[in-house]
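One letter stands for each residue in the lines below.
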Amino acid sequence: MNLSEFKGVLVFTEQRTGELQKVSLELIGEARRLADELGQEVIAGLIGKDVAGLTGELISHGADKVYVVDSPVAELYMTEPYTKSIVAIIEEVKPAIVLFGATSIGRDLAPRVAARWHTGLVADCTSLAIEEGTGNLLSTRPAFGGNIMATIACPDFRPQMSTVRPGVMQKLDADPNRKGEVINFDAKLTEADKTVEIIEEVRETTKRVNIEEADVLVSAGRGVGGPDKFQPLEDLAAVLKGTVSGSRATIDSGWLPKERQVGQTGKTVRPQLYMACGISGAIQHLAGMEESDFIVAVNKNPEAPIFEVADIGVVGDLHKVLPLVTEEIKKAQLAEANK
């Protein structure tokens, strides 16, 4: 394999029902950073039916080229048509790096694409970098249950592939004046590529907020004391229009569902406000929330590691502190409303 033939960063830009997923724009932003360091271009791969209207958004957020596979066969995600499409795009553009979101779709698609190209794939990454001198992609991910961070390279094969957790990377601000090229690409999809038939698609509706999208998180740790002691956190989250999340300890104990977990083995979040309540601040948890805009920590232990990353730290019993904070916020909100 002639590695020098492979240039550029390709991003599989996931869309669902004609709406780009947030992780796609985050990856375009990260691809822009990597490509600029390499002096190369960012290519977006967009697959679906009637999705050409999304190309402008991808270009404005950092893509130089968008390869569009627009086909009725790709209207709904199915493994084989999407794999065939991405493989065909890679054959056409020969990118040095290919990025996927570590979503249910990305985790299904990426390993199949990697297998067909006989190349390596690093899954569930939390950090990406370019190795000085070689130009190799360095992909960092938690390993051994989140107890260490492993940095992995694929020096002998191209393209280098990684899946990246949603919420880890930052999307660029949209530039409506940015120019790019749109290529309508024929991946030669046919009905025969459908290895399954989707009879019906049912979308579950829920009132729960995706913690990766929340502006405010009130996060629970073991110090909360049990599943019946969450009311102060729920009350505070309600007045702040936020949602309740938790550390691994609360999820392992069954106090909160898995989708609420923050940390290396959970989700990476970047809310405007993160309130850590009864969380000691193990490194695995910090890795999932330390990029929050503003961090407030409440803990009985003045030596808790969480205070090292907190903008404001309160040493005290959260069950006494949080109701006082909630009451003061309510007073401030009422005063503001009466102005």
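Residues numbered from 1 in each chain as written. Predicted model: local features only at pLDDT ≥ 70, side-chain atom pairs only at ≥ 80, totals over all residues. Heavy atoms only, no water.

Most of strand 4 (residues 42–48) sits out of view: seven of its seven residues are buried. As paired elements, strand 1 (residues 9–13) and strand 4 share five bridges and run parallel to each other. Across the sheet, residue V11 finds its bridge partner in strand 4, namely A44. Judged from the six bridges that link them, strand 4 and strand 5 (residues 65–70) form a sheet pairing that is parallel. In the sheet register, G45 faces strand 5, and the bridge partner there is Y67. Handedness of the β-α-β unit built from strand 4, helix 2 (residues 55–60) and strand 5 comes out right-handed. (Buried < 20%, exposed > 50% of the residue type's maximum accessible area, 1.4 Å probe, protein only. Helix = DSSP H or I, 4+ residues; strand = E, 2+ residues; numbered from the N terminus. Pairing = 2+ DSSP bridges. Right-handed = clockwise from strand over helix to strand, strands pointing away.)

On to the pattern of salt bridges. This model, assessed by the stated rule, comprises 17 salt bridges. When the shortest N-O distance is used, the salt bridge between K84 and D193 registers 3.1 Å. Of this pair, K84 sits in helix 3 (residues 79–93) while D193 sits in the loop between strand 12 (181–184) and strand 13 (216–220), placing them 109 residues apart in sequence. The salt bridge involving D252 is made with R248; its shortest N-O contact spans 3.2 Å. In this pair, D252 and R248 are both assigned in helix 6 (residues 248–252), four residues apart and thus about one turn of the helix distant. Looking at D252, the relative accessible area reads 56%, which means it is exposed. The exposure class of R248 is partly exposed, given its relative accessible area of 41%. Salt bridges sharing partners connect three or more residues here, namely R32, D36, D64 and R178. (Salt bridge = Lys/Arg side-chain N within 4 Å of Asp/Glu carboxyl O.)

Structurally, I211 is set in the loop between strand 12 and strand 13. Judged by its relative accessible area of 1%, I211 is buried. I211 sits 129 residues away from Y82 along the chain, and the two C-alpha atoms are 28 Å apart. With residues near it in sequence (within four places) discarded, I211 still touches L217, T243, S245, E259, R260, Q261, V262, K267 and V269. (Contact = heavy atoms within 4.5 Å.)

Remember that the coordinates give geometry; whether it matters functionally is a separate question.
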